[in-house]
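Geometric and topological summary
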Amino acid sequence: NGKLVIRREPSGITILQAVTCDPRAVLPEELFGLPVTALGPHALSPNAAPVQGEEILVTCGAPAEEGGTNAGMQELTLPSALERVGDYALFNCTALKKLSLHDGVRFWGGGTLMNCRCLDTFHLTRVGEQGETLAYFADELSRELDVTIREADGGQVRLIFPEYVEVYEENCPAHHFDYNISGAGYPYHHCFVRRRLDLRNYDRLWKAFLGMEHEADCALRLAFWRLRYPLDLTPEAEKAYLDYLRAQSEAALAWLLAERDTESLRFL
């Protein structure tokens, strides 16, 4: 269920505000025969101030609960025709963990993902040329990201972007701040060229990644998913990932058993 405030425009619908009580929310693909192409500022931000516009109710048939705030929203699917996301559109969605969308968003407003402290899982669908959506997420979020990309031709790839931490420390005697980076994930989050991802560039980071301080379970998942979905995987990269996975086979088995992932167990 969703209570929406919208604005009709010649090219499509702008959702000015959307509120739901459901943990898994899906915004409509179209309304009144028009595609949903934009989200307004603070559109899904919990407890955002009311906005003026056309009010409608989208329901799956169950009665809507009163007093929805989006505070408990854990998963969100955005419309495939979405092109613009306004400032602070997801501000303070602290429970949001998974975001599904198409790679066609051309504009992301300031602070869109601010305080989305749990958001680390993305399902990205591509139709046509690669967009800049993934580069935006990797640049905005320094935590570990789990990204699944589905191509229009049916191809699929799953990528892990390891975590890193940026810290500014005050250096009082010198009257300045020192900037420090910890964690091996920084090169992965910034391996884009002109805001586009080249999987071969991604794979070239593997050797250096193992030589830095890193989480073993993160490395295991990174290697496994590249082998599981080997889009643009070179023989050299395949061997490097496979050597690591063979050395960590017991840990891989324990992980997949815990996940109850029978298809991946068969692949292992």
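An account of the accompanying structure is given in this report. (Residues numbered from 1 in each chain as written. Predicted model: local features only at pLDDT ≥ 70, side-chain atom pairs only at ≥ 80, totals over all residues. Heavy atoms only, no water.)

Points about the overall build of the protein
Tallying secondary structure elements over the protein gives 8 helices and 15 strands in all. The C-alpha extent of the protein, read off along each of the three principal axes, is 60 × 60 × 35 Å. Across the 268 residues that make up the protein, the buried fraction comes to 41%. The contacts of the protein with a sequence gap of at least 6 include a subset with a gap of at least 24, amounting to 56%. With 26 positive and 39 negative side-chain charges, the protein shows a spacing of 4 Å between the two charge centroids. (Helix = DSSP H or I, 4+ residues; strand = E, 2+ residues; numbered from the N terminus. Buried < 20%, exposed > 50% of the residue type's maximum accessible area, 1.4 Å probe, protein only. Contact = heavy atoms within 4.5 Å. Lys, Arg positive; Asp, Glu negative; His and termini not counted. Charge placed at Lys NZ, Arg CZ, Asp CG, Glu CD.)

Observations concerning the nonpolar core
Counting residues in hydrophobic clusters, the biggest one holds 71 residues, and the most contacted among them are Leu76 and Tyr202. Sort the elements by how many residues they give to this core and helix H5 (residues 216-228) lands first, with 8 residues. When sequence neighbours within four positions are dropped, the list of residues in contact with tyrosine 202 reads Leu159, Ile160, Phe161, Tyr188, Cys191, Leu197, Leu222, Arg226 and Tyr241. (Core = buried A, V, L, I, M, F, W, Y, C linked by side-chain atoms within 4.5 Å.)

Notes on the sheet that holds strand E12 (residues 145-150)
Taken together, 6 strands build an open sheet; the order of strands is E3-E7-E9-E11-E12-E13 and the sheet is mixed. A strand with exactly one partner marks an edge of an open sheet, and here the two such strands are strand E3 (24-26) and strand E13 (156-161). Sheet twist, expressed as the mean angle between neighbouring strand axes with direction ignored, is 15°. Bridging between E3 and strand E7 (residues 75-77) involves 3 bridges; their strand directions are parallel. The residue of E7 that forms the bridge with valine 26 is threonine 77. (Pairing = 2+ DSSP bridges. Axes fitted to C-alpha atoms, helices over the stretch in contact; angles between N-to-C directions.)

A look at the environment of glutamate 215
Along the chain, glutamate 215 falls in the loop between helix H4 (206-210) and H5. Glutamate 215 gets classed as exposed once you look at its relative accessible area, which sits at 57%. Expressed as a C-alpha distance, the spacing of glutamate 215 and alanine 184, which sit 31 residues apart in the sequence, is 8.8 Å.

Quick look at the packing of H5 against helix H7 (residues 249-259)
Where H5 contacts H7, the axes come no closer than 11 Å and their chain directions differ by 80°. Relative to H7, H5 is oriented roughly perpendicular. Here Leu220, Arg221, Phe224 and Trp225 of H5 lie close against H7, whose contacting residues are Ala251, Ala252, Trp255 and Leu256. A breakdown of the residues in the contact of H5 with H7 according to their chemical character gives 7 nonpolar, no polar and 1 charged. (Parallel < 35°, antiparallel > 145°, perpendicular 65-115°, else oblique. Nonpolar A, V, L, I, M, F, W, Y, C, P; charged D, E, K, R; others polar.)

Here we look at unusual backbone geometry
At tyrosine 88, a position not held by glycine, the phi torsion is positive, near 55°. Along the chain, tyrosine 88 falls in the loop between strand E8 (84-85) and strand E9 (98-102). One non-glycine residue, arginine 195, lies in positive phi territory at about 65°. Here arginine 195 is to be found in the loop between helix H2 (186-189) and helix H3 (199-204).

Such coordinate-based values are descriptive only and should not be taken to indicate function.
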